[in-house]
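Fold and contact review
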Amino acid sequence: MAERDKFDLGDKPSDCEKIEPAVNAFLKELNDNPKKVDKPGYSEWISADTDKTGNLVNTLKELSSSHILDSNLFKNAGQTALELYKEKHYLKKFDKEPPAKPDSGLSHSTDVPSQFPGATALLQQSHGIANVLELKEGDRTETMRLNQEDPNPTPILDTVSYECKSNSVTVSTGFFQDGQQKLISIGLPRLGIEIINPDDKSNSRVVRPNP
């Protein structure tokens, strides 16, 4: 049993126990009701408002809600990054203050306290500005990319991945300047399937290799 299950879930079903039935129902729906589209880059289409597909989208949307966003890991990321930078003196010419426009190509990752029992966390910073946070809880890994030009932690993209017994799943959520959050994609890497715009009922697409 994963550490996260022990500490967070008690007798409730684990996330993978919820994910796998939804994935299997989605695959059945996709195979039973394929719809071809004449559009470059898309091999198949299925609307997100069908019962079984909608169930997968809704299940993953709920489960992929960020654990990082409301945590001290996120709230303290700016100060932690600056302290780590000053402590390590990664680049001497920037010892006193981080540059106005840090070079994202010069980044350093450091393990930091996760605040979640049994979980591990990592903070990546460049010149004292946090640009990536990662939280691993059992079979769940969340990676949040932050705006490198903003010293205050500001999320841009959040990706949650699960390594379940039968399926691996990735869910990407975008953060917009107006505060809106939106599912960008759901991926089933082992099957080569990706759902684009999964919560947009009029423009949801399923991409997978042509036979």
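Residues numbered from 1 in each chain as written. Predicted model: local features only at pLDDT ≥ 70, side-chain atom pairs only at ≥ 80, totals over all residues. Heavy atoms only, no water.

**Description of the confidence of the model for the protein**
Note the threshold: On a scale of 0 to 100, pLDDT captures the predictor's confidence in every residue. Two residues qualify as a contact provided that any one of their heavy atoms is within 4.5 Å of a heavy atom in the partner residue.
Here the protein shows a mean pLDDT of 78. Residues at 70 or above account for 73%. This model gives residues 91-95 a pLDDT under 50, and the stretch forms 9 contacts once residues within four places in sequence are excluded.

**Describing the nonpolar core**
We count it as follows: We define the nonpolar core as a collection of buried residues of types Ala, Val, Leu, Ile, Met, Phe, Trp, Tyr and Cys that are connected through side-chain atoms lying within 4.5 Å of one another. Working definition: with a 1.4 Å probe on protein chains only, accessible area under 20% of the residue-type maximum means buried, over 50% means exposed, and in between means partly exposed. Secondary structure elements follow DSSP: runs of H or I no shorter than four residues count as helices, runs of E no shorter than two count as strands, and numbering proceeds from the N terminus.
Within the largest apolar cluster, 22 residues are counted, with the highest numbers of intra-cluster contacts made by Ile 19, Phe 26 and Val 169. When contributions to this core are tallied by element, the ones reaching two or more residues are α2 (15-32), α3 (51-63), β5 (155-163), β6 (168-175), β7 (181-188) and β8 (193-196). Counting residues in hydrophobic clusters, the runner-up holds 17 residues, among them Ile 68, Ala 77, Ala 81 and Leu 133.

**Brief notes about the state of the cysteines**
Under the convention used in this document: Counting rule for disulfides: a pair of cysteine sulfur atoms within 2.5 Å.
Scanning all chains against the criterion turns up 1 disulfide. The disulfide bridge from Cys 16 ends at Cys 164, spanning 2.1 Å between sulfur atoms. Judged by the sign of its S-S torsion, about -85°, the cystine formed by Cys 16 and Cys 164 is left-handed. Remark: Cys 164 occurs in the loop between β5 and β6 and Cys 16 occurs in helix α2; sequence separation between them is 148 residues. For Cys 16, a relative accessible area of 10% puts it in the buried group. Given the relative accessible area of 4%, Cys 164 is considered buried.

**Details of the pairing of strand β4 (residues 140-146)**
Remember that side chains alternate between the two faces of the sheet whenever the strand is regular. Our working definition: Between any two strands, pairing holds if DSSP finds at least two bridges.
By the criterion of burial, β4 is predominantly enclosed, with 5 of the 7 residues buried. Inspection of the sheet shows strand β3 (residues 129-137) paired to β4 by 6 bridges, in the antiparallel sense. The residue of β4 that forms the bridge with Glu 134 is Thr 143. Counting the residues between successive antiparallel strands, the hairpin from β3 to β4 contains 2 residues, one of them, Gly 138, with a positive phi of roughly 60°.

**Examining the environment of Tyr 85**
Its place among the elements puts Tyr 85 in helix α5 (residues 77-88). Its relative accessible area of 1% is what places Tyr 85 among the buried residues. The spatial distance from the C-alpha of Tyr 85 to the C-alpha of Gln 125 is 7.7 Å, given a sequence separation of 40 residues.

**Describing unusual backbone geometry**
Phi is positive for Asn 197, close to 50°, though the residue is something other than glycine. Of note, Asn 197 is situated in the loop between β8 and β9 (205-207).

**Some thoughts on the side chain of Gln 148**
Going by this rule: N or O atoms within 3.5 Å of each other form a polar contact, as long as, within protein, one can give a hydrogen and the other can take it, and as long as residues adjacent in sequence are counted only when both atoms are side-chain atoms.
Along the polypeptide, Gln 148 turns up in the loop between β4 and β5. Accessibility expressed as a relative area gives 12% for Gln 148, which makes it buried. One polar contact links Gln 148 to Asn 131, side chain to side chain, over a distance of 2.6 Å.

**Concerning the pattern of salt bridges**
Here the idea is simple: oppositely charged side chains can pair when their charged atoms come close. Here is the rule we go by: We count a salt bridge whenever a side-chain nitrogen from Lys or Arg sits within 4 Å of a carboxyl oxygen from Asp or Glu.
The final tally for this structure, using the stated rule, is 4 salt bridges. A salt bridge links Glu 137 to Arg 140, with the shortest nitrogen-to-oxygen separation between them at 3.6 Å. Across the pair, exposure class does not vary: Glu 137 and Arg 140 are buried alike. In the salt-bridge network here, residues are joined through shared partners; they are Glu 137, Arg 140 and Glu 142.

**Digging into the layout of surface pockets**
Which entries qualify depends on this criterion: Points on a 1 Å grid over protein atoms alone make up a cavity when a 1.4 Å probe fits among them but cannot get out, and a pocket when they form an open set with protein on both sides within 12 Å along at least five of seven lines; lining residues each have an atom within 4 Å of a point. Grid points are joined across faces, edges and corners, and a volume is the space filled by probe spheres set on the points. Under the scheme applied, nonpolar residues are Ala, Val, Leu, Ile, Met, Phe, Trp, Tyr, Cys and Pro; charged residues are Asp, Glu, Lys and Arg; polar residues are all the others, including Gly.
Estimated volume of the largest pocket: approximately 180 Å³. What lines the largest pocket is Lys 61, Ser 64, Ser 65, Ser 66, Leu 69, Asp 70, Asp 158, Thr 173, Phe 175, Gln 181, Lys 182 and Leu 183. Mapped onto the lining of the largest pocket, the elements with two or more residues apiece are β6 and β7. Looking at which element gives the most residues to the lining of the largest pocket, the answer is β7, with 3 residues. Taken together, the residues of the lining of the largest pocket sort by class into 3 nonpolar, 5 polar and 4 charged.

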